[in-house]
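Read off the chains here:
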Amino acid sequence: MSEIRLAAESRTEFGKGAARRARRAGFVPGVVYGHGHTPVHLNLPSHDLMMALKTPNALLVVPIEGKDEYVLPKAVQREAIKRTIEHVDLLLVKRGEKVTVEIPVLTEGELAAGGNLLEHVLNALPVEAEATHLPENVTVSVAGLEAGASVLAKDITLPAGTVLAIDGDTVVLQVIGAQASQADADAEAAAAEA
């Protein structure tokens, strides 16, 4: 995963009024915390932050007290209707440090014939990886899976340096058989009575 550099300004004003002024000026208020440091309050460029957060588990580089630091988005608060970013909490991380994140589970291939359905029990898989080498996603082949089949967390091939952060026997995907329609069930019942 590549690093995404964001220009950030130190924030000295606090409260609703200051946050509204920052948003009108094209910034998002944020706070950086972690590693026993006192929290650092920043204003981040709104558009650049929105584009960076389109990548799951984006590794951001922001200037803090004149030094570039690695941060991961921990919590993003969005406006309810417009979905614009209102505030962001960032977690300070170091190169080589292991962090636990959730990576999206993508699927490829076609299920076995018969109108089966694929259920995503987990849309994202919790994994532990180095903060500067986080995988963007994991792809699972479901080609030819029959009704009743399931894919466990331990069956998924993870990128090098990444380990599961959940029990390996956790079901991630399962195939559900096609449901018979009510007309089919009535026809079968009538045939059984005859």
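Provided above is the structure to which this section pertains.
1. Structural notes on the sheet that holds strand S12 (residues 150-152)
Either a parallel or an antiparallel arrangement is found when strands of a sheet pair, and the pairing is made through backbone hydrogen bonds.
(1) Moving on: Within the open sheet, the three strands sit side by side as S9-S14-S12. Their pairing is antiparallel. Every other strand in the sheet has two partners, leaving strand S9 (117-120) and S12 as the edge strands with one partner each. In this sheet, neighbouring strand axes are inclined to one another by 15° on average, regardless of whether the strands run parallel or antiparallel.
(2) Moving on: Taken together, the four bridges between S9 and strand S14 (residues 171-176) define a ladder with antiparallel strand orientation. Counted as the bridge partner of Leu118 is Val175 from S14.

2. Focus on the side chain of Asp89
(1) Moving on: Tracing the backbone through its elements, the reader meets Asp89 in strand S7 (residues 85-93).
(2) Moving on: Relative accessible area serves as the criterion here: at 17%, Asp89 is assigned to the buried category.
(3) Moving on: In this structure the side chain of Asp89 is engaged in a polar contact, spanning 3.3 Å, whose partner is the side chain of His87.
(4) Moving on: Those residues in contact with Asp89 that lie beyond four places of it in its chain are Val31, Tyr33, Leu72, Pro73, Lys74 and Ala75.

3. Side note on the pattern of salt bridges
Two side chains carrying opposite charge are able to pair once their charged atoms lie near each other.
(1) Moving on: Evaluation of the coordinates by the stated rule reveals five salt bridges.
(2) Moving on: Linking Glu69 and Lys67 is a salt bridge whose minimum nitrogen-to-oxygen distance equals 3.8 Å.
(3) Moving on: Accessibility expressed as a relative area gives 11% for Glu69, which makes it buried.
(4) Moving on: Between Lys154 and Asp169 there is a salt bridge whose closest N-O contact spans 2.8 Å. One end of the pair, Lys154, is in the loop between S12 and strand S13 (163-164); the other, Asp169, is in the loop between S13 and S14, with 15 residues separating them in the sequence.

Scoring rules and cut-offs
- Residues numbered from 1 in each chain as written.
- Predicted model: local features only at pLDDT ≥ 70, side-chain atom pairs only at ≥ 80, totals over all residues.
- Heavy atoms only, no water.
- Pairing = 2+ DSSP bridges.
- Helix = DSSP H or I, 4+ residues; strand = E, 2+ residues; numbered from the N terminus.
- Axes fitted to C-alpha atoms, helices over the stretch in contact; angles between N-to-C directions.
- Buried < 20%, exposed > 50% of the residue type's maximum accessible area, 1.4 Å probe, protein only.
- Polar contact = N/O pair within 3.5 Å; in protein donor to acceptor, adjacent residues only side chain to side chain.
- Contact = heavy atoms within 4.5 Å.
- Salt bridge = Lys/Arg side-chain N within 4 Å of Asp/Glu carboxyl O.

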